[in-house]
Amino acid sequence: MSVSIPAPRSQRIDPKYKRGPKSRGSFEMLAWLFMRLSGVVLIVLIFGHLISNLMVGEGISGISFGFVAGKWASPLWQFWDLAMLWLAMLHGTNGVRTIINDYAEKHATRAWLKGILYVATIFIIVLGSLVIFTFDPCVAGSQLPQC
Amino acid sequence: MSKTSSGTLYRGHEGMWSWVGHRVTGVVIFLYLLVHVLDTAMVRVDAGAYDAIISTYQTPWMALGETGLVAAILFHAFNGLRLILVDFWKQGTKYQRQLLWGVLILWVIVFAGFAIRHLSIAFGSH
Ligand code: HEM
Ligand code: HEM
C-alpha cells in the first residue's frame, strides 16, 4: 500500500505557513523577547523588594500597616511596586500560557484555561494598581499619629 | 519526544532538570504573587485586618515557607539569567554547562546568606 506523494513544485506557500508582520509568528517573537527583558528588570525590582522588606531593619517582624504607609509615602516605592506588579504579572502570565499550550492538548480545555488565566491576570493587575494609587494612610482602623 | 534515551540531547541530563526546575519555580512564584496582591489589598480595607494577616506571616512555620519561596525565586532568577546569556551571548551555548554550575554555586551562597538572616529574625527574640 504505497502512496506516492507528488514532489512540491509550486512556489506558492500555503497562507497558513506565512509569517507576515502582523501574524502570530511576530507575536511569539515579541513574547520571547519580553520574557528576557522583563526578567532582567525583575531581578532588580524583586531583589530590592526582598532586601527592603526582609533583610534590613527588623525584616519580616517589622512589617505592618505603618511600614507600608511609610514606603508608599515615597513616589519611588510606589513606582517600584507598580512596575514590579505589571512586569511580574505579565511575565508570569505569559510563562503560564506557554505551559498551558504545552500540556493541555484539547482545544476546548486550552481555551478555557487561558480564559481563566487572562481574567485572573487582569483582575490582579487592576486591583494591585488601584491599591497603590488610592492608598490612604488613614483608612479604617489606622493608628498612625497623623490621623 | 524520542522513546530511546540514548542520543537525546536533553532527557535525564542537567539541561532537562534545570528546565523542570525553572518551570516549577515559575509557577510557584506566580501562584504566590496572586495571593500576595490579594492580601496586600487589605491595606485599602482596614489597617487592623492587614496587620492580622501579616502577623500570620511572622510565625516560624511561615518563615520556613518564605525561605522556600525565596529559594525558588533565587533559582528562577539566576537560571533565567543563564538562559538569557545562552541566547544572547556568543559564547553562551559553548559554556552553558559551566554557566549552570555558576548558577548553582551563586544560588547556594546567596540563599545561605538570606536564610541565616531571615530565620534568625523569625526564630530569634525580636
Ligand atoms: C516573603 C516575601 C515577601 C514579603 C514579606 C513581601 C511583602 C510585601 C509588602 C509589605 C508589600 C507592601 C508594599 C511594600 O512594602 O512595598 C508588598 C507589596 C508587593 N509585593 Fe511583596 N513581599 C514578598 C515577596 C514578593 C515577591 C516574590 C513578589 C514578586 C513576585 C512581590 C511583589 C509585590 C508586589 C507587586 C507588591 C505591590 C502590591 C500592590 O500593588 O498592591 N512580593 N510586598
Ligand atoms: C527574578 C527575575 C526573573 C528572571 C530573570 C526570569 C527569567 C525567565 C526566563 C528567561 C524565562 C524563559 C522564557 C522562555 O523559555 O522562553 C522565564 C520563564 C518563566 N518565568 Fe520567569 N523570570 C523572573 C521572574 C519571574 C516571576 C516573578 C515569575 C512569576 C510571577 C516568573 C514566572 C515564569 C514562568 C511561569 C515561566 C515559564 C516557564 C516555562 O515555560 O517553562 N518569572 N523566566
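First, a word on what this report is: a plain description of the structure on this page. In this text the structure is predicted, and so the values were computed from the model without any measurement. (Residues numbered from 1 in each chain as written. Chains lettered and ligands numbered in written order. Predicted model: local features only at pLDDT ≥ 70, side-chain atom pairs only at ≥ 80, totals over all residues. Heavy atoms only, no water.)

**Focus: the coordination of the iron atom of ligand 1**
Put simply, the test is: Atoms are scored as donors when they are N, O or S and lie within 2.8 Å of the metal, with 3.2 Å used for Na, K and Ca; no water is included, so coordination may look incomplete. A four-donor site is called tetrahedral if each angle lies between 85 and 135 degrees; a four-donor site is square planar, and a six-donor site octahedral, when trans pairs exceed 155 degrees and the remaining angles lie between 65 and 115; all other cases are labelled irregular. Secondary structure elements are taken from DSSP: a helix is a run of H or I of four residues or more, a strand is a run of E of two residues or more, and numbering for both begins at the N terminus. Relative accessibility decides the category of a residue: with a 1.4 Å probe and only protein chains considered, values under 20% of the type maximum give buried, values over 50% give exposed, and everything between is partly exposed.
On the protein side, the iron atom of ligand 1 has A:H49 (NE2) and B:H36 (NE2) as donor atoms, found 2.0 Å from it. Taken together, the 6 donor atoms coordinating the iron atom of ligand 1 span angles of 84 to 179 degrees at the metal, a pattern that classifies the geometry as octahedral. Within this pair, whereas A:H49 is found in helix α1 (residues 24-55), its partner B:H36 is found in helix α1 (residues 14-40), the two belonging to separate chains. Relative accessible area serves as the criterion here: at 16%, A:H49 is assigned to the buried category. Under the relative-accessibility criterion, B:H36 is labelled partly exposed at 22%.

**Here we look at the packing of helix α3 (residues 75-103) of chain A against helix α4 (residues 107-133) of chain A**
Residues and elements named next belong to chain A. What counts here: The angle between two axes is taken between their N-to-C directions and runs from 0 to 180 degrees, where each axis is a line fitted to C-alpha atoms and a helix contributes only its stretch in contact. Angle categories are assigned with fixed cut-offs, so that under 35 degrees is roughly parallel, over 145 is roughly antiparallel, 65 to 115 is roughly perpendicular, and the rest are oblique. Residue contacts are defined here by distance: any two heavy atoms, one from each residue, within 4.5 Å place the two residues in contact. Residue polarity is assigned by list, with Asp, Glu, Lys and Arg as charged and Ala, Val, Leu, Ile, Met, Phe, Trp, Tyr, Cys and Pro as nonpolar; anything else, Gly included, falls into the polar class.
In contact at an axis separation of 10 Å, α3 and α4 are set at 175 degrees when each is read in the N-to-C sense. As the angle between them shows, α3 and α4 are arranged roughly antiparallel. Seen from α3, the contacting residues are Q78, D81, L82, L85, W86, M89, L90, T93, V96, R97, I100 and N101; seen from α4, they are R110, L113, K114, L117, Y118, T121, I124, I125, G128, S129, I132 and F133. Its residues assigned to classes, the contact of α3 with α4 comprises 14 nonpolar, 6 polar and 4 charged.

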